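Each chain is listed here by its residues.
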Amino acid sequence: PVLQQEKPDVILVLGDTNTILAGTLAAVKLHIKVGHIEAGLRSYDRSMPEEINRIVADHCADYLFAPTKKAKSILLGEGIPAEKISVTGNTIVDAVYQNLEMAKSRIGSLAEWHVTPGKYLLATVHRQENVDNQERLTSILSGLDKLSTALGLPVLYPVHPHSRKMIQQFNLKTENLTLLEPMDYLSFLLLENHARLILTDSGGVQEESCVLKVPCVTLRDNTERPETLEVGANVLAGTDPENILQCAQDMLNKERDWVNPFGDGKAGARIVDILRSTYG
């Protein structure tokens with residue numbers, strides 16, 4: 001109903017959620033142009049609902065805003081015409097650059113969480129293939145526990161409501177982890193920026209940690225952000241506890257000298273310019 005009432009020239013969808021799939025399908029069936037921001041990302045794991053969403057959105061979209069040249073090459077390889085694709089960088093870099101100073105102004109929040117800069121680990125675990133699988137979730141939590149013990153550092157874990165539900169349903173132990181309520185973007189950005197290491201199954205957090213120059217360990221078997229692996233900002237650990245521990249120790253010894261591959265923080269402006277040149 002909104003699209004029928006507003007009659008936009010184009011709608012923009014960002015990322016790989018179920019909502020961008022819904023927005024894309026609603027628009028194309030009403031003959032409204034679609035621009036997909038963050039186009040061309042692939043994990044090549046179709047058991048992930050996000051992978052299906054990405055593929056469908058990319059092949060329905062009229063404008064594909066790819067964050068990197070690698071993402072563009074993937075789209076070209078799938079037969080999408082080059083004239084539909086623009087390499088813009090990723091808007092996640094825009095968001096980090098625009099909000100980091102505001103996040104840093106909340107530095108007092110670290111005391112509320114009883115941690116100091118560089119003296120804690122940050123974890124997020126929310127993906128369906130991890131939290132809905134008792135064996136995988138048990139292994140991840142065990143790995144985080146082992147890591148906290150080995151390093152003598154607390155692990156802060158802001159818990160998605162569904163993840164908390166599954167932890168309780170599986171009756172898993174989390175005594176050595178500091179479970180936090182879901183938090184706003186600025187608070188989480190503050191935690192990311194001052195973490196010694198980030199462990200996550202989130203695609204966006206892999207990118208944010210790369211931009212912030214904080215080492216990342218990805219708790220998955222694959223990633224749609226291979227650029228983070230190539231520049232040395234990230235490593236795939238899977239869910240085996242010993243492998244999580246080893247990967248974390250390896251990343252802690254890395255120099256934080258990698259180059260951010262996701263752009264200069266002006267992706268949003270480029271997208272607007274491309275659309276303005278078309279629609280005036």
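Here is what the cut-offs are and how they apply
- Residues numbered from 1 in each chain as written.
- Predicted model: local features only at pLDDT ≥ 70, side-chain atom pairs only at ≥ 80, totals over all residues.
- Heavy atoms only, no water.
- Pairing = 2+ DSSP bridges.
- Helix = DSSP H or I, 4+ residues; strand = E, 2+ residues; numbered from the N terminus.
- Axes fitted to C-alpha atoms, helices over the stretch in contact; angles between N-to-C directions.
- Contact = heavy atoms within 4.5 Å.
- Buried < 20%, exposed > 50% of the residue type's maximum accessible area, 1.4 Å probe, protein only.
- Phe/Tyr/Trp six-rings, centres within 6.5 Å; stacked < 30°, edge-to-face > 60°.

Asker: For this particular structure, what's the right way to read the sheet that holds strand E10 (residues 234-236)?
Answerer: Sheet strands pair via backbone hydrogen bonds, and the direction of the pair is either parallel or antiparallel. As summarised here, the arrangement of the 6 strands in space is E7-E6-E5-E8-E9-E10, forming an open sheet in which the pairing is parallel. The open sheet has two edge strands, strand E7 (177-180) and E10, and neither has a second partner. Each adjacent strand pair in this sheet contributes to an overall mean axis angle of 20°, direction not counted. Examined bridge by bridge, strand E5 (residues 121-124) and strand E6 (residues 155-158) share 2 bridges and lie parallel to one another. Looking across to E6, one finds that Leu122 is bridged to Leu156. Sitting on the sheet, helix H11 (residues 203-212) touches E5, strand E8 (197-200), strand E9 (216-218) and E10, and the angle it makes with E8 is about 165°.

Asker: Whenever I open this one, the pairing of E5 confuses me. Can you help?
Answerer: Here is the key point about a regular strand: its side chains alternate between the two faces of the sheet. Of the two faces of E5, the one holding Leu121 and Ala123 and the one holding Leu122 and Thr124 are both buried throughout. Two strands pair when backbone bridges link them, and E5 and E8 are joined in this way by 4 bridges, in the parallel orientation. In the sheet register, Thr124 faces E8, and the bridge partner there is Thr200.

Asker: Sorry, what's going on with the packing of aromatic side chains here?
Answerer: Given two aromatic rings, their pairing is described by the distance between the two centres and the angle made by the two planes. Taken as a whole, this structure holds 2 aromatic pairs when the rule is applied. Between the aromatic rings of Tyr63 and Phe65, the centroid separation amounts to 6.5 Å while the plane-to-plane angle is 5°, which identifies the pairing as stacked. When the ring of Tyr63 is compared with that of Tyr279, the centres are 6.3 Å apart and the planes differ by 65°; the resulting orientation is edge-to-face. You can see Tyr63 sitting in strand E3 (residues 63-66) and its partner Tyr279 sitting in helix H14 (residues 267-279), a full 216 residues away along the chain. We classify Tyr279 as partly exposed; its relative accessible area is 31%.

The values are spatial; any link to function lies outside them.
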